[in-house]
Amino acid sequence: MRSARLTVQANGITQAVRVAGPPDGVPVLLVHGNVSSSAFWEPLLARLPDTLRVVAPDLRGYGETDTAPVDATRGLDDFADDVAALLDAPGLFRPGARPVVAGHSLGGGVAMRLLVDHPERVAGLLLEAPVSPYGFGGTRDLDGTPTTPDFAGTGAGGANPDFVARLAAGDRSADGPTSPRAVLRAAYVADPASLGDDEALLLESMLTTATGDDNYPGTAVASPHWPGTAAGPRGVLNALAPAHFRLADELVAAPVKPPVTWVRGDADVIVSDTSLFDLAYLGQLGVVPGWPGPQECPPQPMVGQTRAVLDRYAAAGGTYREVVLPGCGHSPHLERPAEFVAELLALVGENATG
């Protein structure tokens, strides 16, 4: 498939959208993750059949979409509302389309929110290394119980300031572990060789991230609990924090339950029960000093939480499949594209009339 770029006025902002395939094709909506853009889907598009109609937006503050503020107190609702507005935007999908929605990482949370808010418009859900339904960090068990009353250790205060500065400066070097290129190679994939010739495209995509208090990473507030910071009311990382993003019960209670396929790599270092981006796990490793120990602040069981919630979803009348790719990291669609495409097309095939 070959993509074209469109701009659409929807939900009060100008959104840049990548589209491919005939307008009357089987609808597929792709939602990218944090510190990226719709360009992250471009390597996948080359592998998809032209019977599909694929729409892949740049989320607000990424790619070429407006740098609109993110109200973190709404969780991921700002993003989900933007995406929902595209479902009926002229020229994208055929009228009344019910796409299969694939969401990567943060985009998985947006996809879940879209399902909760508009269950009748989602034909199927492909969750690729998704954020936990209980948010990112600050919870201790499969039920999402807070480690502290204010979910200390979550949100923008956990962002590496040098990484943020290098993003803002458009750093394309591989100098040091906090350069965007180094993070792409070390955290987004398990094997940097899997990036191949797409590395430059993906790096440029990362560098479109709008930085600041209203976007990435957002604002932090002080906490009396270790490590001394908690999620503020503005920006992307706070929107992912469990103080603001917790939709497990809503997902289970959705009145319409499309099939869900959950694809993840067992070598993911971002969304993991031992995540290198979870301050509690970094404290356990001794990287962040002063960790109060496993009784007070255990690492978040991210994978276990997602499985527990999807088990509840299935028990309530839905269905899901968990697909684990050995040796794969945070981006299965880049690292194991053939297997990812097979799972996407299987889900699309179940809903070919959507």
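Data block above holds the structure.
All values derive from a computational prediction rather than experimental measurement. (Residues numbered from 1 in each chain as written. Predicted model: local features only at pLDDT ≥ 70, side-chain atom pairs only at ≥ 80, totals over all residues. Heavy atoms only, no water.)

1. What about the nonpolar core?
At step 1: Among the nonpolar cores identified, the biggest contains 72 residues, and Leu29, Phe79 and Leu125 are the most heavily contacted of them.
At step 2: Counting residues per element, this core draws most heavily on helix 3 (residues 106-117), at seven residues.
At step 3: If we skip the residues at most four places from it in the chain, leucine 29 touches Val55, Pro57, Val83, Leu87, Phe93, Pro99, Val100, Val101, Ala102 and Leu114.
At step 4: Met1, Val54, Ala56 and Ala102 belong to the second largest nonpolar core, which has 25 residues in total. (Core = buried A, V, L, I, M, F, W, Y, C linked by side-chain atoms within 4.5 Å. Buried < 20%, exposed > 50% of the residue type's maximum accessible area, 1.4 Å probe, protein only. Helix = DSSP H or I, 4+ residues; strand = E, 2+ residues; numbered from the N terminus. Contact = heavy atoms within 4.5 Å.)

2. Notes on the packing of helix 2 (residues 77-86) against helix 3
At step 1: Interaxial distance between helix 2 and helix 3 falls to 9 Å at its minimum, and their mutual angle equals 65°. Here helix 2 is positioned roughly perpendicular relative to helix 3, judged by the angle of their axes. The crossing of helix 2 and helix 3 is right-handed. When helix 2 is examined against helix 3, the residues Asp77, Phe79, Ala80, Asp81, Val83 and Ala84 are found in contact with a partner set consisting of Leu106, Val110, Arg113, Leu114 and Asp117.
At step 2: Taken together, the residues of the contact of helix 2 with helix 3 sort by class into seven nonpolar, no polar and four charged. (Axes fitted to C-alpha atoms, helices over the stretch in contact; angles between N-to-C directions. Parallel < 35°, antiparallel > 145°, perpendicular 65-115°, else oblique. Left-handed = near helix turned anticlockwise from the far one by under 90°. Nonpolar A, V, L, I, M, F, W, Y, C, P; charged D, E, K, R; others polar.)

3. Here we look at the packing of aromatic side chains
At step 1: Evaluated as defined, the whole model comprises two aromatic pairs.
At step 2: Both rings, one in phenylalanine 163 and one in tyrosine 216, keep their centres 6.4 Å apart while their planes meet at 90°; by these two values the pair is edge-to-face. In this pair, phenylalanine 163 is assigned in helix 4 (residues 161-169) and tyrosine 216 in strand 8 (residues 216-217), connecting sequence segments 53 residues apart.
At step 3: What makes tyrosine 216 buried here is its relative accessible area of 7%. (Phe/Tyr/Trp six-rings, centres within 6.5 Å; stacked < 30°, edge-to-face > 60°.)

4. Observations regarding helix 6 (residues 199-206)
At step 1: The complete set of buried residues in helix 6 reads Glu199, Leu202, Leu203, Ser205 and Met206. Mapping the buried residues of helix 6 onto a view down its axis gives an arc of 155°, with all of them on the same face. (Arc of directions from axis to C-beta.)

5. A few points about the sheet that holds strand 1 (residues 3-10)
Sheet strands associate in pairs through backbone hydrogen bonding, adopting either a parallel or an antiparallel arrangement.
At step 1: Pairing is mixed in the open sheet, where eight strands are placed in the order 1-2-4-3-5-6-11-12. If you trace the sheet from one side to the other, it starts and ends with strand 1 and strand 12 (320-325), each paired once. For this sheet, the mean inter-axis angle between neighbouring strands, taken without regard to orientation, is 20°.
At step 2: Of the pairings in the sheet, the one linking strand 11 (residues 260-265) to strand 12 comprises six bridges and is parallel in character. In the sheet register, threonine 261 faces strand 12, and the bridge partner there is arginine 321.
At step 3: Of the strands in this sheet, strand 1, strand 2 (13-20), strand 3 (26-31) and strand 4 (52-57) are in contact with helix 2, which crosses strand 2 at around 60°.
At step 4: Relative to strand 5 (residues 100-104), helix 3 is tilted by about 145°, and along the sheet it contacts strand 3, strand 5 and strand 6 (124-128). (Pairing = 2+ DSSP bridges.)

6. With respect to the pattern of salt bridges
At step 1: By the definition in use, this model includes 22 salt bridges.
At step 2: With a closest N to O distance of 2.8 Å, arginine 307 and glutamate 322 form a salt bridge. Here glutamate 322 lies in strand 12 and arginine 307 lies in helix 10 (residues 302-315), a separation of 15 residues in the sequence.
At step 3: Relative accessible area serves as the criterion here: at 29%, arginine 307 is assigned to the partly exposed category.
At step 4: It is possible to trace a salt-bridge network through shared partners that takes in Arg60, Arg74, Asp78, Asp81 and Asp82. (Salt bridge = Lys/Arg side-chain N within 4 Å of Asp/Glu carboxyl O.)

7. Topic: the side chain of threonine 178
At step 1: With respect to the element layout, threonine 178 can be found in the loop between helix 4 and helix 5 (180-188).
At step 2: The buried category is assigned to threonine 178, whose relative accessible area is 16%.
At step 3: Within the structure, the side chain of threonine 178 is placed 2.4 Å from the side chain of aspartate 162, a separation counted as a polar contact.
At step 4: Sequence-distant contacts of threonine 178, defined by excluding residues within four places in its chain, comprise Asn160, Asp162, Phe163, Arg166 and Val183. (Polar contact = N/O pair within 3.5 Å; in protein donor to acceptor, adjacent residues only side chain to side chain.)

8. A closer look at unusual backbone geometry
At step 1: Geometrically, the link from tyrosine 216 to proline 217 is a cis peptide bond, its omega value of 5° lying close to zero.
At step 2: Following the sequence through the fold, proline 217 ends up in strand 8.
At step 3: The step from tryptophan 226 to proline 227 runs through a cis peptide bond, and the omega angle for that step is 5°.
At step 4: With respect to the element layout, proline 227 can be found in the loop between strand 9 (220-222) and strand 10 (229-231).
At step 5: Even without a glycine there, the phi angle at valine 35 is positive, about 45°.
At step 6: In this fold, valine 35 is placed in the loop between strand 3 and helix 1 (42-45).

None of the figures reported here should be taken as evidence of function without further support.
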